[in-house]
Amino acid sequence: MRVAEENTGIGRKTVRVFFAIWPNDTAQKQLAGLARQLRLESLCGGRKTKAENTHLTLVFVGEVDTGKLAALCRIADDVQASGARAFDFVVDEIRYWKHNNIVYASTGKVPRELINLVTALQNALSAAGFSLERRAYRPHITLARDASCKTLPELTEPIAWRVREWVLVKSEQASGGSVYIPIGRWPLA
Ligand code: 2AM
């Protein structure tokens, strides 16, 4: 585990954090290009996700005391030590959630290793006293917010990358929108 001390939010009382997977550079460019290629804005309106913010959430932890960050990192260490495995993530569908106006990229083949990683994190976080949402895990990469879609474009080519690590990320609100800052990284075997 590597923790960037300057990124932990020391000096603040609470931070908003989540565990996530970031696409590699190629997949990041492809995913960021999707909204443009698919003419999502003219089809659905809304606000595109910035390329550097494109991610797949594993577990949204929420607002925590900065003093709890070390415990979160230890939990991730334990999950890593229990043998979390690398996997391929293949984006092959574009979907729209009407209830929250999000257009997202997803997969029709959710990898078993992804579910194992999410379940291990959820169980370890709950056991350590973090209260998590009870919603079922729906892997998704948000492409646009505040959208309103009647029709959705088909994805012509899948976008795939090898997932070799996961991150603990701090979310901050800035004038230009959310800024995501990595706090720790854990490789997958
Ligand atoms: P979203 O993209 O569908 O909004 C950081 O906010 C990440 O955590 C986002 O990927 C967000 O999903 C996800 N997330 C999951 N539950 C959340 C919640 N209750 N509030 C905010 N973000 C949440």
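Only a predicted model underlies this, so the values are computations on that prediction, with no experimental measurement involved.

Calculation rules
Residues numbered from 1 in each chain as written. Predicted model: local features only at pLDDT ≥ 70, side-chain atom pairs only at ≥ 80, totals over all residues. Heavy atoms only, no water. Helix = DSSP H or I, 4+ residues; strand = E, 2+ residues; numbered from the N terminus. Buried < 20%, exposed > 50% of the residue type's maximum accessible area, 1.4 Å probe, protein only. Polar contact = N/O pair within 3.5 Å; in protein donor to acceptor, adjacent residues only side chain to side chain. Contact = heavy atoms within 4.5 Å. Expected span 1.5 Å × (residues − 1). Arc of directions from axis to C-beta.

A. Main features of the side chain of asparagine 53. The topology assignment puts asparagine 53 in the loop between β3 (47-48) and β4 (56-65). Under the relative-accessibility criterion, asparagine 53 is labelled buried at 11%. A polar side-chain atom of asparagine 53 sits 3.0 Å from the main-chain carbonyl oxygen of serine 178. When residues no more than four places from it in sequence are discounted, the contact partners of asparagine 53 are Trp22, Ser178 and Tyr180.

B. Representation of helix α4 (residues 112-127) within the structure. Across its 16 residues, α4 extends 22 Å between first and last C-alpha, which sits within 8% of the 22 Å expected from 1.5 Å per residue. Among all positions of α4, only Leu114, Leu117, Val118, Leu121 and Leu125 are buried. What you see down the axis of α4 is that its buried residues fit within an arc of 95°, all on one side. Away from its buried face by more than 90 degrees, α4 exposes Arg112 and Ala127. At the C-terminal side of α4, glycine 129 shows a positive phi close to 95°.

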